[in-house]
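Analysis of the macromolecular model
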Amino acid sequence: QVQLVESGGGLVQPGGSLRLSCAASGTNFEIYDMAWYRSAPGKQRELVARIANSDSTTNYADSVKGRFTISRDNAKSTVDLQMNSLKPEDTAVYYCYVVIIPVGTTSTQRYGYWGQGTQVTVSS
């Protein structure tokens, strides 16, 4: 089984910064794709940032472009989200999402896993 553990959330003032981290653990898997989503109270979950496996191509929501940076460390099986110039509208629960490929089998099936979520609050 693959499990994701998130850390780095907290309370910051507008204009401040936070760095979120997500670590994958388990056996017999290889990470294929990684992303961060967020969900504000009463709102649907939205994609914040995504990073591909092969060439580390990134995609960002328009609302965070130029302020957030997603990165990954394949050796450590982690994905981070550096958040700068935070705004009150960034307040949400942030979720890590990881797609893995099982190893040691002939299967080509991919599986997606969600982290438990970490609260980010931007307020004066």
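Here, the structure is the one placed above.
Our subject in this report is the structure included herewith. (Residues numbered from 1 in each chain as written. Predicted model: local features only at pLDDT ≥ 70, side-chain atom pairs only at ≥ 80, totals over all residues. Heavy atoms only, no water.)

**Some thoughts on the environment of Arg67**
Residue placement: Arg67 occurs in the loop between β6 (58–60) and β7 (68–73). Here the alpha-carbon distance between Arg67 and Gln109, two residues 42 residues apart in the chain, equals 34 Å. Apart from the residues within four sequence positions on either side, Arg67 is in contact with Gln82, Met83, Asn84, Ser85, Leu86, Lys87 and Asp90. Here the side chain of Arg67 touches Asp90 through a polar contact of 2.7 Å, side chain to side chain. (Helix = DSSP H or I, 4+ residues; strand = E, 2+ residues; numbered from the N terminus. Contact = heavy atoms within 4.5 Å. Polar contact = N/O pair within 3.5 Å; in protein donor to acceptor, adjacent residues only side chain to side chain.)

**Observations concerning the packing of aromatic side chains**
Per the stated rule, a full pass over the model turns up three aromatic pairs. Here the aromatic rings of Tyr37 and Tyr97 are separated by 6.1 Å at their centres, their planes lie at 85°, and the arrangement is edge-to-face. Residue Tyr37 is located in strand β4 (residues 29–39), and its partner Tyr97 is located in strand β9 (residues 92–102); the two are separated by 60 residues in the primary sequence. Its relative accessible area of 23% is what places Tyr97 among the partly exposed residues. Here the aromatic rings of Tyr37 and Trp114 are separated by 5.0 Å at their centres, their planes lie at 65°, and the arrangement is edge-to-face. Of the two residues, Tyr37 sits in strand β4 while Trp114 sits in strand β10 (residues 111–114), which places them 77 residues apart along the sequence. (Phe/Tyr/Trp six-rings, centres within 6.5 Å; stacked < 30°, edge-to-face > 60°. Buried < 20%, exposed > 50% of the residue type's maximum accessible area, 1.4 Å probe, protein only.)

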